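Structure at a glance
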Amino acid sequence: MDLLQGDLPERTSIRGWTVLLLNRLHYSTVVLASFGFGLFLPFLQEDLGLSYLQIGLLQAVAWGTSAVCLVPFSVLLARFNPNYRVLVGLALMTPCLFTQGLAGGFWTLLASRFFMVLTQAGMTPARPLLLRWWVVPRQYSNVTAVGLSLHSTFMAAALTFSPVIIVILNSWRLAYFLQAGLMGCHFMIWAVLTWKSPRSIEESAGSATRDDPSRSNQRDEANGRTPSLAAALVRYPHAWLLGVVMLCLSASWTTVLTFLPIILETDRGVSISAGSILFGFLYYVLIPGGSLGSWFFNHITNRRVMVMLPALLNVVSTLGALLAGNELVVAVALSGMGLAWAFVPAMEILPFEFPEIRTREVSVIAGLVQTFGAIGFGGGPVLAGALAETTGSLVTGVLVVGGLTGLAVLAAAALPSRFRGRLV
């Protein structure tokens, strides 16, 4: 897909940057409600009397709903204006977060988390459409890389200070209300930013017919000539390979995050408090390192190599963190695991290079890749725990999951070195 029109602007507007980075913060807030759920557990369990099974179900509904709904929603909702799509999502998500703070028992909490993630599943695959709408194509990698750094900064700060805030407030409910208030602010800012939004960059430049043919697509769809969006899942098999890579990255990340503190304490003599500090390296390295994603995309033109690098780094770092004999090596290994995610923005925009692909199809492929990520986040710890129960060794279970992430290397090796499409 060549974007060769001279009418395209040279740089993304400040408004465009703000829209995309705010969209990233929407995602960060929802992820905090999932990844940071463990921070609330001691308070929730004491107040609501939750069983361990109920706790597991509360986490499972977050990843399970995403895994089931991302692809169908990306197909069904891809035809709608992404600006309004996110606006509606924010309007629905704010009360979902607020309701979690009001929950008087397990079922209310479960239902509110389910609807929160269901809403997120409708919003998240819209990111490629927002890129196409607001960002100059040659700056896709820059915007997504800065977004990753912003996400890492937000998550590192939130995970560090949330327990302190909950203790100071003496209420986990107020912590949820703060998140709901933050999302409500997002809604109002988004409404102002996107109110009477201009036409997308391609339409404004008069390039829609050739590049992302929104006008020609509409004409073809009316005449019945355009293939269905779901068919993109078959016509672009490389998307499944990218999904496998994302599956491995997410499975290793969440498995290590779940079980390494126990392994460090029982097998390495490292206290839980010291282990928690070490886990900060997963995010801290991405604050400055997120911008590397743009460099990777622009300078490593061999796409097979570009995807294989994080796959290799992830395998080596995961196994290194599990087998490390001292805290310094663990910190270095965890930094490597975090750095592997600096490649994720590059992989997110790689489908734009698939030959003759439409932006709406990129949105569908984004939903597929994110589905693999959700399966990895939810399934990695489950597989490691099951293997640990079977073998009687937690280290063995986590090592097997870490070794299986080598599948990402094989998936990356199956990618072509270059695609026929091109972004400029």
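As the structure is a computational prediction, the values presented were derived from the model and not from experiment. (Residues numbered from 1 in each chain as written. Predicted model: local features only at pLDDT ≥ 70, side-chain atom pairs only at ≥ 80, totals over all residues. Heavy atoms only, no water.)

If you walk through the whole model with that rule in mind, you get 8 aromatic pairs. Each ring, one from Trp240 and one from Phe372, has its centre 5.9 Å from the other, and the planes form 90°; the classification is edge-to-face. Note that Trp240 is positioned in helix 12 (residues 238-267) and Phe372 in helix 19 (residues 359-391), a separation of 132 residues in sequence. Residue Phe372 is classed as buried on the basis of its relative accessible area, which comes to 16%. Residue placement shows Arg127 over the ring face of Tyr27; its charged tip is 5.4 Å from the ring centre. (Phe/Tyr/Trp six-rings, centres within 6.5 Å; stacked < 30°, edge-to-face > 60°. Helix = DSSP H or I, 4+ residues; strand = E, 2+ residues; numbered from the N terminus. Buried < 20%, exposed > 50% of the residue type's maximum accessible area, 1.4 Å probe, protein only. Lys NZ or Arg CZ within 6 Å of the ring centre and 35° of its normal.)

All right, on to a nonpolar patch on the surface then. Residues Leu383, Val400, Leu404, Leu407 and Leu410 make up a contiguous nonpolar surface patch of roughly 420 Å² in combined accessible area. Contributing elements (two or more residues each) for the nonpolar patch: helix 20 (394-404) and helix 21 (407-413). Note that Leu404 resides in helix 20. Leu404 sits in the partly exposed class, given a relative accessible area of 42%. (Patch = residues over 30% accessible without salt bridge, like charges linked within 9 Å, V, L, I, M, F, W, Y side chains within 5 Å. Areas by Shrake-Rupley, 256 points an atom, 1.4 Å probe, with all protein chains shown as cover. Salt bridge = Lys/Arg side-chain N within 4 Å of Asp/Glu carboxyl O.)

Before going further, it helps to spend a moment on the packing of helix 16 (residues 303-323) against helix 20. Remark: helix 16 packs on helix 20, axes separated minimally by 8 Å, with the N-to-C direction vectors making an angle of 165°. Comparing their axes, helix 20 and helix 16 come out roughly antiparallel. When you trace helix 16 past helix 20, the crossing you get is left-handed. Facing helix 16, whose interface residues are Val315, Thr318, Leu319, Leu322 and Leu323, helix 20 presents Val398, Leu399, Gly402 and Gly403. Looking at the contact of helix 16 with helix 20, its residues break down into 6 nonpolar, 3 polar and no charged. (Axes fitted to C-alpha atoms, helices over the stretch in contact; angles between N-to-C directions. Parallel < 35°, antiparallel > 145°, perpendicular 65-115°, else oblique. Left-handed = near helix turned anticlockwise from the far one by under 90°. Contact = heavy atoms within 4.5 Å. Nonpolar A, V, L, I, M, F, W, Y, C, P; charged D, E, K, R; others polar.)

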